[in-house]
Amino acid sequence: MTKCPACLERFGPDGQRALAEHLATRAGASDSDHVRWLNQNVGRRRTDAAGILRALVPVFSVGPGGLAGWIRGRFVSKFFGAVPHPFVAALQRPARPVLLGYVVEHQHFLRQWVRSCAHITAATDDPDVIRYELDNLVTEFGGSGPDRPSHYELLLRMGEGLGLPRDRVLATPPLPATRRAIDGWEAIARNEPWVETMAAMHSLELIAHRDLVRDGATLHYFDPAILDDGTLASAARAFLREGYDADVGHSEEALALIARHATDAAAREDLQSTFLRSIDLFDDYLIARLQRANDYAA
């Protein structure tokens, strides 16, 4: 079985050949998701199914770093390459509108995040995965008492510290790109195997992984100096520091659990496609944060 990384349509025997023909057909019909995927992963020159099939081999090839190394490498290339993602560039020393755009759109993301974690917990029988996801539910949404507020609570406090009351944050619907991404992740959680959902969601924690420079990242998620140089309000520092301190070990643990369960070659290719679909959704969602920032730029 092979799945399309642009739409997750499934193919049976001879999956990569069928996938190449599907990509060529959908691109020929000017389907935006498929054209975009080919542009970013194969090249901008129009090619036929045979050319696409040849190009798919290096895209899905897992090197000596294994599946975890492949995921880190693809993530770094997309968000931290020679031309970093526009939101990452804006977050290096973020202005108030950028942080407010972050708050308003990210509260929707985090609510989907815990639903996705709950899907994984319900579907797996691996005790290590269950414990990992229960920890996610507490850390991201539940909190551990007054001294250990959830990441969601810290996000809302960042908004309040920047002058945006939480009732206004919570009453603001997501922008279309955020809504589409959330719907995409919900569909993955409902329709794909739990290990693929795990790859789709927990790979996204790599965004705050401060050690990605070893994998070729050209910069961090934000300039670490802003955590200590007094340029940010205390609530903003508290929110950013939480992810910066936690997401190295946390994301690495997830990648190890994913690799443990994706040993079959066909299952691994399906997981790779789901991961690639997820980071495209994440790309659009990060742009939505910048679009929302425009609301507070005046």
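Note that this is a predicted model, so its numbers are computed, not measured. Within every chain, residues take consecutive numbers counted from 1 along the sequence as written. With pLDDT at 70 or above as the cut-off, local features in this predicted model cover only qualifying residues; side-chain atom pairs require 80 or more to be listed or tallied, and sums for whole chains, interfaces and linings still use all residues. Where side-chain values are given, they derive from all heavy atoms of the structure, hydrogens and water being excluded.

*Asks:* Pulling in residues and values, what's your account of the environment of P165?
*Replies:* Position of P165 relative to the elements: it lies in the loop between α8 (151-161) and α9 (166-171). Accessibility expressed as a relative area gives 35% for P165, which makes it partly exposed. Expressed as a C-alpha distance, the spacing of P165 and S278, which sit 113 residues apart in the sequence, is 31 Å. Think of it this way: any DSSP run of H or I at least four residues long counts as a helix, any run of E at least two long counts as a strand, and we number them from the N terminus. Only protein chains enter the accessibility calculation, which uses a 1.4 Å probe. A residue is then buried if its area is under 20% of the maximum for its type, exposed if over 50%, and partly exposed in between.

*Asks:* Got a sec to walk through the packing of helix α6 (residues 96-123) against helix α11 (residues 194-202)? Specific residues and values, please.
*Replies:* Here an angle of 0 to 180 degrees is reported between the N-to-C directions of two axes, which are lines fitted to C-alpha atoms, with helices fitted over the stretch in contact. Taken N-terminus to C-terminus, the directions of α6 and α11 make an angle of 155 degrees; their axes are 9 Å apart at the nearest point. Here α6 is positioned roughly antiparallel relative to α11, judged by the angle of their axes. Both α6 and α11 take part in a crossing whose hand is left-handed. Along its contact with α6, which presents W113, S116, C117, I120 and A123, the element α11 presents W194, T197, M198, M201 and H202. Among the residues forming the contact of α6 with α11, the class breakdown is seven nonpolar, three polar and no charged. Oblique is the label for any angle not under 35 degrees, not over 145, and not in the 65 to 115 range, which are roughly parallel, roughly antiparallel and roughly perpendicular in turn. Left-handed describes a crossing whose near helix is turned anticlockwise from the far helix by less than a right angle; the clockwise case is right-handed. Working rule for contacts: check all heavy atoms of both residues, and any pair within 4.5 Å makes them a contact. When residues are grouped by polarity, Ala, Val, Leu, Ile, Met, Phe, Trp, Tyr, Cys and Pro land in nonpolar, Asp, Glu, Lys and Arg in charged, and all others, Gly among them, in polar.

*Asks:* Help me get a handle on the pattern of salt bridges, residues and values and all.
*Replies:* Side chains that carry opposite charge are capable of pairing whenever their charged atoms lie near each other. The working definition used for a salt bridge is a side-chain nitrogen of Lys or Arg within 4 Å of a carboxyl oxygen of Asp or Glu. In this structure the tally under the stated criterion is 29 salt bridges. For E186, the salt bridge goes to R115, with nearest N and O atoms at 3.9 Å. One end of the pair, E186, is in helix α10 (residues 176-191); the other, R115, is in helix α6, and 71 residues separate them in sequence. Note that D215 and R214 form a salt bridge whose closest N and O atoms lie 3.7 Å from each other. Judged by relative accessible area, which is 54%, R214 ranks as exposed.

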